[in-house]
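Residues per chain are reported as follows:
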Amino acid sequence: MAFFGEWLRRFWYVLNRRRLERDLQREMEAHRAMMREPREFGNTLRLREESNDVWGWNWLDEAWRDLRLAARTLRQSPGFTLGASLVLALGIGLNLTLFQIYNAAFLQPLNVRDIETLVRFQRLSNRGRAANVPYPATQHVRDNNTVLSAVLVAARYRDIQWNDFENHLTAQFVSANWFDETGYNATAGRLFHETVDDAQDAQPAVVIKESFWTNRLNSDPNIVGSSVRINDRPATVIGILPRNYRGLSDDESQVFLPIRQMGYFFRGQTFETAWDTSSNVDMYGRLKPGVPLAAARDSLRFAMDELVAQQPDHFKQGEWLEPYSAVTRLETPSQRQQRLLAVTGVSFLSLLVLTVACANLGNFVLSRAIGRLRELSIRIALGAGRWRVMRLLLAESAMIAAIAATIGLALSSAAFRVMNAAGLPLNVTIDWRTILAAAAVASFAMVAIGLLPTWAISRGNIGSVIKDGGQTVSSGLGRTRLRSLLTAVQVGGSCIFLIFAGMTAQSLQRLLTPGFDFERIAVLEVSSLAGRNIDQNSYWTGVRANVASMSETEDLALVLYPPLSGFTSMWTNPPEAPHLSIWVNSVEPQFFNVMRVPIVAGRNFELGDDPQNSAIISRRLAMDVYGTLDVVGQQLPRTPWPNDKKKWTIVGVAEDAHAIQREPNAAEVYFPLDLHHTKRAWLIARARNEGRLLLGPMKEAAQTVDKNVPVQARLMSSDFRQKQNEAATLSSITLSLALATLVLACIGVFGVVSYGTSLRRKEISIRLALGAKNRSLIALLMRQSGSPAAIGVLWGFGIAYAASKAMEAQRVYLGSLDAPLLLSVVAVIGVTCGIAALLPSVRALRTDVAQTLRDE
Amino acid sequence: MLILRVVSTRALHGYAIAQQIHILSREQLSVEEGSLYPALQKLLLKGWLKAEWTTSETGREVREYRISPSGRKQLDAELAEYRRMSKAIDALLDNA
């Protein structure tokens, strides 16, 4: 209690400080006046300071004095202040930008009501995992459990036609309780409610996102209540979803529709009764109060066992529904691991940039502090105290860090404005977390850059500094390994970014040379025919005949996974070439002609080929696994799979078409398409003149065969452009980072060499006076930066190698870390750092020898 | 303790406190101004003294210090402790 009272009084004192100090002064003056010998009172000012010191607030005055002095000092060297602030601002700005992306993507909890009781379910068995659950199964679980108060479902569709919009929208079909359970209210109008919208024959309703309303519908004030056409069916816009809606996943859906009305928007859809994967949805549940996750899992086993008994074709014995809590972002352990990897990667890059910036600035400040050794030593000699001088240097660092943090914040928010304008789906605003992060980064920078010179000064012998103007001490400091270490850190950092930039450029390069011709190709996407009373073979025969009869069609083929569509399937890696990733596809013989993928050995598929027995492999697979292109008649896989007798005979070898998957070690296997055993196929057609001319007629051709099957048509080149944009964005981001860090590294090398030359002015002048050659002197000076740069390149390579291996393990492929790339990076660093070292060396040789020797 | 003791009977200003200590100790003790004012500030911080401006008998404006209830408690505790120690030391000196 006494302690609390004392702090209250201290606080009261600081609030009334000026008045109380005046009181003390008056009191002392009165005391003096009453004394017979006022001179015996002593120094009033010193007594006042000692008395005020009792209250413990003198440090405030001292800090203020330090800051004012630091501001004055910095104002006297505007070049240094501006340079140092900008270098650090770059580091801080980049860090903040990365932090905000990280914050938006990973730190913010799901914005939903009662997060503790919301779970996502996935199907698990001893054989594997399925992220989705067929819709009828979700309804069965909903009606047959004792642990859930609600079941929520959602299914995302990318091919929604809104009125006559040119581009398709992404829509989420959700259960009618979706918004009530996630806890959102409409900005205007209303959202879905179970009582109104949970029926097939309910009024067709649509909810739109506020961003869609403002960006695509020009904030039409009369939108709520208006009628629109979705997939050519009329529906009423009933409400607008607030801008901050993030739902249960950060998806880009712009439109929300009731899941019970899926059959209305996709005519003939048997979604509610299809037990296969065609009716797969994301399944969520709301746990009843007090039900733990494990109890929910156990309790739902009964419902799952019933499903196994009722639907043995679709549910296997021993399957269960595994709940994942919204508190842990509804993630599975492997998703969490991937997120951690991403977080580690971002943090590493972020820290690296900041370290490079700080290292640079440390170099700057160190050089400057050593240049000021004489001034600082005189301050100490005049009684300033070593700690006082250190405080002054720290105050200077604090000011630079504060200026840099402000500029960094501005840079970061400008970067987000550019990103938002470019349409990146990042809803980032500067909030308290960002300010806190800026303060933390700035404090880190302040300590990092302030401690170096402080440490250097504390090691200096002040007496000798005053005598010889800092020559001895600064030479000693210059010899320390610190500066070399800082340079190595910078060069290493820029080396890592250059390698990543090179790898992303390789990835872009691979995409730009896809190994097939995607121009003039139209793709017809047909919703799954599973669950519909349609004979797939006759449907496709009809569609193919209609499209083939069009005059614009040059050739066409049915295919299981069209290139660049994002749909793929993968085999296990072959033991003969474990590095290879094998991507499988089922195609009609015309596929190779349509895609302009040449057959380089053997033959193409023929109509009589048995889908269970024939295969065409890509050149890479032939060469890596069989060591030759002469593989016709050989068995695939070459080493039979354990416990599996299935094998195929190779009939031909096709050229590599690696843009199907962009990873460096991809190879392809093709099988004849068997319409009887596939649930879904796509039609690709090559146009004689222009692919666009095929889009409309292709859709009509499909609808002529069955108007109830929803179809979409698009150009393969638009898929390509989208992938190209993604790759180009990534490439340009890493390239900008690489350039920024390279500039920082060059500044660092420049600083080291200029500092070294300034220390050795006397030596250089003597050597010059004795007739040393310019070339040998330049080599001598540049050598200073050689070994730190080499060490930097080595550790940079090491880290980049480890990082690329870690990414490969997570199936993230940028490019390969090969010899040409490494050599290019060494060349770039060598040339740029060489120039940075050369400039101050050449300048040092231009000194007036006589003048320098006289000065020294 | 000395300062608390001299202001325990009546309010005194800084000069008077120094004088009282000097006189009451039969001129054996004197408090330097350099120690007096930091000590007064410390006692204010602890809450054992209260200070207020007033006019002295000579018409001069002075700041007088008065003991607070918690100061009085502190004084009693310190006096008891001092007396206990003093007796112990006396006993030691007499009997050694």
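A quick note: this is a predicted structure, and the numbers were derived from the prediction, not measured. Position numbers for residues start from 1 in each chain and track the written sequence from start to end. Chains and ligands are labelled by the order in which they are written, letters from A for the one and numbers from 1 for the other. Only residues with pLDDT of 70 or above have their local features reported here, since the model is predicted, and side-chain atom pairs are shown and tallied only from 80 upward, although totals for entire chains, interfaces and linings are computed over all residues.

Thoughts on the nonpolar core
Residues and elements named next belong to chain A.
Argument step 1. Here, a nonpolar core means buried Ala, Val, Leu, Ile, Met, Phe, Trp, Tyr and Cys residues linked by C-beta atoms lying within 7 Å of one another. Exposure is read from a count of other C-beta atoms within 10 Å of each residue's own; the residue is exposed at 12 or fewer, buried at 20 or more and partly exposed in between. C-beta atoms are placed from the backbone. Membership of the largest hydrophobic core comes to 75 residues, with the highest contact counts inside it found for Leu-88, Ile-92, Ala-357, Ala-404, Ala-445, Ile-499 and Cys-833.
Argument step 2. Going through the elements one at a time, α5 (78–107), α12 (333–371), α14 (386–421), α15 (432–459), α18 (482–512), α23 (716–759), α25 (774–809) and α26 (819–845) are the ones with two or more residues in this core.
Argument step 3. Domain start and end points were adopted from an automatic or database domain assignment. The two domains that each donate at least three residues to this core are domain 2 (60–106 + 334–480) and domain 4 (481–516 + 720–856).
Argument step 4. For Ile-92, the contacting residues outside a window of four places in its chain are Ala-404, Ala-405, Gly-408, Ala-438, Val-441, Ala-442 and Ala-445. Counting from the N terminus, the helices are the DSSP runs of H or I reaching at least four residues and the strands are the DSSP runs of E reaching at least two. Contact between two residues is assigned when their C-beta atoms, built from the backbone, lie within 7 Å.

Looking at the sheet that holds strand β1 (residues 12–13) of chain B
Residues and elements named next belong to chain B.
Argument step 1. A strand pair is defined by DSSP finding two or more bridges across the two strands. Within the open sheet, the 3 strands sit side by side as β1-β3-β2. Their pairing is antiparallel. A single partner strand is all that each edge strand has here, and the edge strands are β1 and β2 (49–55).
Argument step 2. Sheet topology note: the β2/strand β3 (residues 61–67) ladder contains 7 bridges and is antiparallel. Within β3, the residue paired with Glu-52 across the bridge is Glu-64.

Side note on the confidence of the model for chain B
All names here are of chain B.
Argument step 1. How sure the predictor is of each residue is captured by pLDDT, a score from 0 to 100. When pLDDT is averaged along chain B, the result is 86; 100% of the residues meet or exceed 70.
Argument step 2. Mean pLDDT across the elements of chain B bottoms out in helix α3 (residues 33–46) (84) and peaks in helix α4 (residues 69–95) (91).
Argument step 3. Reported confidence for the predicted complex is 0.86 by ipTM and 0.55 by pTM.

A few points about the interface of chain B and chain A
Argument step 1. Taken together, the contacts link 15 residues of chain B with 17 residues of chain A.
Argument step 2. Those elements that provide at least two residues to the side of chain B that touches chain A are α2 (14–24), α3 and β3 of chain B.
Argument step 3. If you tally residues by element for the side of chain B that touches chain A, the top one is α3(B), at 8 residues.
Argument step 4. Polarity classes work like this: nonpolar for Ala, Val, Leu, Ile, Met, Phe, Trp, Tyr, Cys and Pro, charged for Asp, Glu, Lys and Arg, and polar for all others, with Gly in that last group. Considered class by class, the residues forming the side of chain B that touches chain A number 5 nonpolar, 4 polar and 6 charged.

Some points on the packing of helix α19 (residues 536–548) of chain A against helix α22 (residues 692–705) of chain A
All names here are of chain A.
Argument step 1. Axis definition: a line fitted to C-alpha atoms, over the contacting stretch in the case of helices. Angles run 0 to 180 degrees between N-to-C directions. Contact pair α19 / α22: the axes reach a minimum separation of 9 Å and the direction vectors enclose 140°. Considering their axes alone, α19 and α22 lie oblique with respect to each other. Considering the relative orientation of α19 and α22, their crossing is right-handed. Note on element contacts: α22 touches α19 through Met-698, Ala-701, Ala-702, Thr-704 and Val-705, opposite Tyr-539, Gly-542, Val-543, Asn-546 and Val-547.
Argument step 2. The residue inventory of the contact of α19 with α22, partitioned by class, reads 7 nonpolar, 3 polar and no charged. Roughly parallel covers angles under 35 degrees, roughly antiparallel covers those over 145, roughly perpendicular covers 65 to 115, and oblique covers all other angles. Crossing handedness: left-handed means the near helix sits turned counterclockwise from the far one by under a right angle, and right-handed means the same turn made clockwise.

Observations concerning the pairing of strand β19 (residues 648–654) of chain A
Residue and element names in this part refer to chain A.
Argument step 1. Of all 7 residues that make up β19, 5 are buried, and the element is covered over most of its length.
Argument step 2. Across 3 bridges, the pairing between strand β16 (residues 599–602) and β19 is antiparallel. Bridge assignment links Ile-599 to a residue of β19, and that residue is Ala-654.
Argument step 3. In this structure, strand β17 (residues 614–618) lies alongside β19, joined through 5 bridges in parallel fashion. Its bridge partner being in β19, Ile-616 is matched across the sheet by Gly-652.
Argument step 4. Across 2 bridges, the pairing between strand β18 (residues 635–636) and β19 is antiparallel. The residue of β19 that forms the bridge with Leu-636 is Trp-648.

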